[in-house]
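Residue-level structural notes
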Amino acid sequence: MSHEITRLLVAWSDGDRGALDKLVPIVQPELSRLARRYMARQQRGHTLQATAVINEVYLRLMEWRNLRWQDRAHFFGVSAQLMRRTLVDHARRQQRRKRGGDTIAISLDDAVLVSPERSADLVAVDEALDRLAAFDLRRSRIVELRFFGGLSVDETAEVLKTSPRTVKREWGLARAWLYCELSGKQSVDA
Amino acid sequence: MEAERWRQIERLYDAALKRPADEREAFLDNACGGDEALRRRIDILIAAQEKAGDFLESPAWAMVADAPAPDHPQFVVGRSIDRYQILSFLGSGGIGDVYLARDSRLERAVALKLLPARFTGDGDRVRHFEKEVRATSALNHPNIVAVYDTGETDAGRFIVMELVAGRTLREVVASGRPSLDSVAHIVRQVAEALTVAHSAGIVHRDVKPENIMVRDDGYVKVLDFGLARLLPSGVGELAGTGASHTNPGILLGTAHYMSPEQARGEAVTSATDVFSLGIVCYELATGEHPFKADSQIGVLHRILSHAPVPPGRLNPGVSSTLDALILDMLEKDPRLRPGAAEIKAVLAERPEQPVRVRSRSNARKVWQVTAAGLLAATLAGATVFGQTTIRWLMARVQSATANDFVCVGQNGPGTANPGPFDNVSVRAETTCLLRAGTRVQGSVTVEANGRLTLCVTSDCLFAPQTIPTEIRGSVSLGRGGEFLAIFASSPLATPFLVGGDIHASGARRFRIVGATVGGRVQITHANITGTGASPGPIGFNEIARSRIHGEVQLSDSIGTGPGDRIRIPGNVIEGDVHIAGNNVTLLQIGPNNSMKESLRCNGNLNIVPLGTNVVEGNKEGQCSDLP
């Protein structure tokens, strides 16, 4: 399994865009496994370990990533994308559970990663980001890197191979647009 | 939205924001030229930009954890908890808030730390923690903050400690870089505390500037032994440090003093504290964090994968001894780090004494006690490949067919193809990369100024153990060549096996880490000058953590630039070792080599024996008094 991941990461950093799509479904079960492992050791409902799981997502990635020391940018990019999918998937599951009124039998597979209140926010950001990507892919990438990946302006610029100034400027408008979308009062599209 | 429309909005939005607020109105009136819809959209976006505050400014994971409201100091000050009257709020520690309190029975001032309920919900963890607190206070050491009492009331679980009048090391650093003398003074005292704790089997787990108090008279006190145990196991092992409950997203931020093994969620040992202290020491000596990066992910990435820039390069006042000590504390492999007792001993020596003649007899006594365990661990790691491997190595199959691989481009084959190849050659001026699991039936030749990288630590660390990287023949390296083979020596790691010899004449750079070599290792006339100046993982030259069945010869190397370094730690060498005529800025032998035959050292400059080495045969020349 590690070998396959390594191969895909290498292919991806060699410029094979399709490799990332193959990579994510392979890594996802690994992430759930980690979450399960943490849950098994924790008391139920404790969400602190969520952060631990996320830390571990990064750390695992970092280990795979080390095979190309010289190119942190790709590593940061993949991390942010995986973080986004992991967090949002869990948030979605959380919401489904809430709608279904299933408050008792929470399977370990669906380890509580995201609190119910926050999960709605995360899903909304994710969806708005998809809408943004339809007409401004680059700004949606900036938000993905900064918000989901937690990267600094400089690191984001490194990933996108542009200047920090540009990132800062483009981040400003992206944030304003998303704020409009999510505050639910006014849509810029209206 | 159409892309065209969006570009229009983008342009006017940026242009409007560049203007002072009172001119925007007029500018947009004019620029939109009566396009009401356009104008309205830009107005909405500008208003949003002003209202957005810190929207999306903290990372998504900060939204994830449910942070309970912090226990507000106001509610506690003035109350009594058990027999302690809370007088004032002193500050927030990693786990919980600290108050100045008065012990009404013993009539003395104490520090009381209130632990938030979220850290004390797990009975097992609390019991472990209390056991450790009792064990630590039983040590009764002047460099360890004494714990007087622990207990539980409706306000939560609490710890009562000795009140220390002074500043945390964080505050000391904030007011300017301390002199190197006081750095040694401070770090030595922390090492004193750790030595005592470690020999009692207690690991601090969270050594960082916030947990080190410096009293006004220069006395150092280490706080919060074992407190990190209260963190949920995932976080405790991963972040290894205090969680600020006001901002759960900051959990990652505390990763700054984390060791690589904590980062990987592996077992925490006393060597973990040494790594963290190494970071503290580096920061004190240079004013910079050894793994600094913009984001927390960046810091973790560096802790796991990057060798720090030698501290002596950032602060020329740092002696070569201190430089080597700090770098060894920051070894990625916990087994190669010095013990706290050795750190203490090295720092206790006066820096102006020449390194080679300093007396290490006192150090040795203490060090050998702790070293015995460490050495045993190192040897266990080195022999992990077992007898089958050794027999295989001795068999040495010769190649017959013609499936040779020739590396000619800038990037080698390795990205995808693991062979097996009959022979591999790296042509002059070429860089070649072979992945974990590559198999070569014959030999590997690196021509002049060629460079061969065989795997990198974590790549190999992660690949299944069943696929060794094998070179059945020999490796030879031409003038100016570079050979970087960095394998982890943990049982999880992929083995790296060389059946024949490793031979390099006039090499520019070599790193042979975690290898099992059936033949000899012979490195002569290497010219590594300037390699110490390159930051990152290839900053020095070494033969480390390897098991070598033949002789080892290291002779006539030159490397006189700052930071140029050859190190030979943690090897098991069956044959004779001969180190002669090397002139490098630092030539370090040890710690933890096990040499089955003789060790001869002649005519080397700047040779530093470090830690304990076991030599079963004769020791001759410069190394005759090697500890």
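Cut-offs used in this document
- Residues numbered from 1 in each chain as written.
- Chains lettered and ligands numbered in written order.
- Predicted model: local features only at pLDDT ≥ 70, side-chain atom pairs only at ≥ 80, totals over all residues.
- Heavy atoms only, no water.
- Helix = DSSP H or I, 4+ residues; strand = E, 2+ residues; numbered from the N terminus.
- Buried < 20%, exposed > 50% of the residue type's maximum accessible area, 1.4 Å probe, protein only.
- Contact = heavy atoms within 4.5 Å.
- Areas by Shrake-Rupley, 256 points an atom, 1.4 Å probe, with all protein chains shown as cover.
- Expected span 1.5 Å × (residues − 1).
- Pairing = 2+ DSSP bridges.
- Patch = residues over 30% accessible without salt bridge, like charges linked within 9 Å, V, L, I, M, F, W, Y side chains within 5 Å.
- Salt bridge = Lys/Arg side-chain N within 4 Å of Asp/Glu carboxyl O.
- Lys, Arg positive; Asp, Glu negative; His and termini not counted.
- Charge placed at Lys NZ, Arg CZ, Asp CG, Glu CD.
- Axes fitted to C-alpha atoms, helices over the stretch in contact; angles between N-to-C directions.
- Disulfide = S-S within 2.5 Å.
- pLDDT = per-residue confidence, 0-100.
- Phe/Tyr/Trp six-rings, centres within 6.5 Å; stacked < 30°, edge-to-face > 60°.
- Lys NZ or Arg CZ within 6 Å of the ring centre and 35° of its normal.
- Parallel < 35°, antiparallel > 145°, perpendicular 65-115°, else oblique.
- Nonpolar A, V, L, I, M, F, W, Y, C, P; charged D, E, K, R; others polar.

In this section: the overall build of chain B. When its secondary structure is counted, chain B shows 18 helices and 36 strands. Burial statistics for chain B: of 627 residues in total, 58% are counted as buried. For chain B, restricting intrachain contacts to residue pairs at least 6 apart in sequence, the fraction spanning at least 24 positions comes to 59%. As displayed, chain B has an accessible area near 23,800 Å², and 51% of this comes from carbon and sulfur atoms.

The end-to-end C-alpha separation of helix H3 (residues 36–51) of chain B is 22 Å, in line with the 22 Å expected for 16 residues at 1.5 Å each. Among the residues of H3(B), B:Leu38, B:Arg39, B:Arg41, B:Ile42, B:Ile44, B:Leu45, B:Ile46 and B:Ala48 are the ones counted as buried. Close packing links the buried residues of H3(B) with helix H8 (164–183) of chain A together with helix H1 (3–18) and helix H2 (21–32) of chain B. Backbone geometry just after H3(B) places B:Gly53 at a positive phi near 55°.

Residues and elements named next belong to chain B. With parallel pairing, the eight strands of this open sheet are ordered in space as S13-S16-S19-S22-S25-S29-S32-S35. The sheet is open, and its two borders are formed by strand S13 (439–440) and strand S35 (614–615), each paired with just one other strand. Two elements, strand S22 (residues 515–517) and strand S25 (residues 547–548), share two bridges in a ladder whose sense is parallel. Bridge assignment links Val517 to a residue of S25, and that residue is Ile548.

All names here are of chain B. A cluster of like negative charges, contributed by Glu551, Asp576, Glu597 and Glu620, occupies part of the molecular surface. Among the secondary structure elements, Asp576 is positioned in the loop between strand S29 (572–573) and strand S30 (577–580). The exposure class assigned to Asp576 is partly exposed, which follows from its relative accessible area of 30%.

Before going further, it helps to examine the sheet that holds strand S7 (residues 166–168) of chain B. Residues and elements named next belong to chain B. Strand order across the open sheet formed by three strands is S7-S8-S9, with antiparallel pairing between neighbours. Each having just a single partner strand, S7 and strand S9 (220–222) make up the two edges of the open sheet. With direction set aside, neighbouring strand axes in the sheet form an average angle of 25°. Summarising the sheet, S7 and strand S8 (residues 212–215) pair through three bridges and their orientation is antiparallel.

With 20 residues, H8(A) extends 28 Å between its outermost C-alpha atoms, agreeing within 8% with the 28 Å of an ideal straight helix rising 1.5 Å per residue. If you check which residues of H8(A) are buried, you get A:Thr166, A:Val167, A:Glu170, A:Trp171, A:Leu173, A:Ala174, A:Arg175, A:Ala176, A:Trp177, A:Leu178, A:Cys180 and A:Glu181.

All right, on to the state of the cysteines then. Residues and elements named next belong to chain B. This model, assessed by the stated rule, comprises one disulfide over all chains. The partner cysteine of Cys601 in its disulfide is Cys623, sulfur to sulfur 1.8 Å. Between Cys601 and Cys623, the S-S dihedral sits near -90°, and the bridge is therefore left-handed. In this pair, Cys601 sits in strand S33 (residues 599–602) while Cys623 sits in the segment after strand S36 (619–621), placing the two residues 22 residues apart along the sequence.

Residues and elements named next belong to chain B. A residue-level look at chain B finds 74% of positions with pLDDT of 70 or above and a mean pLDDT of 75. Ranking the elements of chain B by mean pLDDT puts helix H17 (residues 386–395) last, at 26, and helix H11 (residues 270–286) first, at 95. Predicted confidence is poor over residues 410–416, with pLDDT under 50, and the contacts of this stretch with residues over four places away or in other chains come to 20 contacts. Note on residues 461–465: pLDDT under 50 across the span, and 20 contacts to partners over four residues away in sequence or across chains. Among the prediction metrics, the complex's ipTM stands at 0.72, with pTM recorded as 0.50.

On to the packing of aromatic side chains. Evaluated as defined, the whole model comprises six aromatic pairs over all chains. A centroid spacing of 4.9 Å and a plane angle of 70° characterise the contact between A:Phe147 and A:Phe148, whose relative ring orientation is edge-to-face. Taking relative accessible area as the criterion, A:Phe147 reaches 1% and is therefore assigned buried. Aromatic side chains A:Tyr179 and B:Phe55 sit 5.3 Å apart centroid to centroid with 80° between the ring planes, which places their arrangement in the edge-to-face category. Taken as a pair, A:Tyr179 in helix H8 and B:Phe55 in the loop between H3 and helix H4 (61–64) lie in two separate chains rather than in one. Judged by its relative accessible area of 18%, B:Phe55 is buried. Aromatic rings pair up to connect A:Phe135, A:Trp177 and B:Trp6 into one cluster. Above the face of the A:Trp171 ring, A:Arg146 is positioned so that its terminal group lies 4.8 Å from the ring centre. The side chain of B:Arg108 reaches across the aromatic face of B:Tyr148, ending 3.8 Å from its centre.

Residue and element names in this part refer to chain B. Backbone torsion omega between Gly590 and Pro591 reads 0°, so that peptide bond is classified as cis. By the element assignment, Pro591 lies in the loop between strand S31 (583–589) and strand S32 (594–595). Positive phi values are uncommon outside glycine, yet Glu107 reaches one of about 55°. Along the polypeptide, Glu107 turns up in the loop between strand S3 (97–103) and strand S4 (108–115). One non-glycine residue, Asn140, lies in positive phi territory at about 50°.

Turning to the packing of helix H7 (residues 153–160) of chain A against H8(A), a few remarks are in order. Residues and elements named next belong to chain A. Viewed as axis vectors pointing N to C, H7 and H8 meet at an angle of 105°, and their least axial separation amounts to 8 Å. The angle between the axes of H7 and H8 places the two elements in the roughly perpendicular class. Within the contact between the two elements, H7 uses Val153, Asp154, Thr156 and Ala157 and H8 uses Pro164, Val167 and Lys168. The residue makeup of the contact of H7 with H8, split by class, is four nonpolar, one polar and two charged.

This paragraph deals with the pattern of salt bridges. All chains considered together, the criterion is met by 36 salt bridges over all chains. One salt bridge in this structure joins A:Arg141 and A:Glu144, with 3.7 Å as the shortest N-O distance. Here A:Glu144 and A:Arg141 lie together in helix H6 (residues 137–148), a separation of three residues that amounts to about one turn. As a salt-bridge pair, B:Glu482 and B:Arg451 come within 3.3 Å of each other at their nearest N and O atoms.

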